[in-house]
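Geometric and topological summary
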Amino acid sequence: MKTFKLSSELINNISDLILRKNNKEIKNIVKNLHYADLAELVNELSFNDSIYLIKLIDSDKTSDVLTELDDDVREKILKELSEKEIAVEIKELDSDDAVDILSELPEEKKEKVISLIKDENITENIRELLKYDEDSAGGLMAKELISVNENWRVLKCLREIRKQAKDITRVHSIYVLNKKEELIGRLSLKDLIMSPSKKKIKQIYIPKVDYVNVNDSGEDVVKLMTKYDLEAIPVVNDNRKLLGRITIDDIVDFIKDEAEE
């Protein structure tokens, strides 16, 4: 894979195209850029050009770009975007990233943005995450995950996973719950695929699962995930009810923020 390298030539070219409002050519240039590379470009453009580019590109890409921008650049851009424009961006993000952006808004604008999101599942998740301290496990977690019931048979489990996976960018783990919705283990995708369709999940799941409490500190989460080399870890409450999950990219961002502070 060729590594992207931002050049003054690209910056000047984009600025010139924006000046001439050549939207077709701008879109053609940036369509194949990874959102992190596009964020790097936006960081280096003039403020007016960065706003122009953010508003030009489809929200399914710019939403991720916003999460990667330098804090001061993102803050300035968010001030210039309307509540409706921010709501469109928010809807494309995982709940933890959505909350990160919303947390930077004034209270009145934040509430207006949330009110413009018509999907009740999204707004419910956002409001729950906003309750937690940003440096706690609850503040780091996202609500999007895959969970299955121990009493489901393999065939039903596969159907349910397909439904849940539609709203998830990447499936890190499959968590197993009992009838009280308590976390009791995890499920290997290989074991699921290889098992007979009528077999129950309780017969094939792995009872050992690492987890953190929603009130644990971010530092404690970092220690646990690095010690056991985990890509993701579930988050539970005091009754071991599954609330969300934290992924390794969340931890990398947390470490970066701590280092910058």
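Here, the structure is the one placed above.
Below or above, wherever it landed, is the structure these notes cover.

Analysis parameters
Residues numbered from 1 in each chain as written. Predicted model: local features only at pLDDT ≥ 70, side-chain atom pairs only at ≥ 80, totals over all residues. Heavy atoms only, no water. Helix = DSSP H or I, 4+ residues; strand = E, 2+ residues; numbered from the N terminus. Buried < 20%, exposed > 50% of the residue type's maximum accessible area, 1.4 Å probe, protein only. Pairing = 2+ DSSP bridges. Right-handed = clockwise from strand over helix to strand, strands pointing away. Core = buried A, V, L, I, M, F, W, Y, C linked by side-chain atoms within 4.5 Å. Contact = heavy atoms within 4.5 Å. Axes fitted to C-alpha atoms, helices over the stretch in contact; angles between N-to-C directions.

A look at unusual backbone geometry
The backbone of Asp229 sits at a positive phi, close to 55 degrees, despite the residue not being glycine. Tracing the backbone through its elements, the reader meets Asp229 in the loop between α14 (218-227) and β5 (232-236). A positive phi angle, close to 65 degrees, is found at Arg240, a residue other than glycine. Counting through the fold element by element, Arg240 comes out in the loop between β5 and β6 (242-247). A residue is classified by how much of its surface remains accessible, and Arg240, at 29% relative accessible area, is partly exposed.

Quick look at the pairing of strand β2 (residues 174-177)
Side-chain alternation along β2 places Ile174 and Val176 on one buried face and Tyr175 and Leu177 on a second face that is also buried. Strand direction decides the pairing type here: strand β1 (residues 146-149) and β2, joined by four bridges, are parallel. When the sheet's bridge partners are listed, Ile146 is paired in β2 with Ile174. Taken together, β1, helix α12 (residues 154-165) and β2 form a β-α-β motif whose crossover is right-handed. In this sheet, strand β3 (residues 183-187) lies alongside β2 in antiparallel orientation, the contact comprising four bridges. Its bridge partner being in β3, Ile174 is matched across the sheet by Leu187. Between β2 and the antiparallel strand that follows it, β3, lie five residues; Glu181 among them carries a positive phi value of about 65 degrees.

A word on the nonpolar core
Core analysis: the biggest nonpolar cluster contains 56 residues, and Leu41, Ile77, Ile90 and Ile246 have the highest contact counts within it. Among the elements that line this core, the one with the most residues is helix α1 (residues 8-19), at five residues. What Ile90 contacts, discounting residues up to four positions off in sequence, is Ala98, Ile101, Leu102, Val113, Ile117 and Ile126.

Comments concerning the sheet that holds β1
Judged by pairing direction, the sheet is mixed, and its three strands sit side by side in the order β1-β2-β3 without closing on themselves. Edge positions in the sheet fall to β1 and β3, since each has one partner strand and no second. Shown here is a sheet whose adjacent strand axes are inclined to one another by a mean of 35 degrees, direction ignored. Across the face of the sheet, α12 comes into contact with β1, β2 and β3 while running at roughly 155 degrees to β1.

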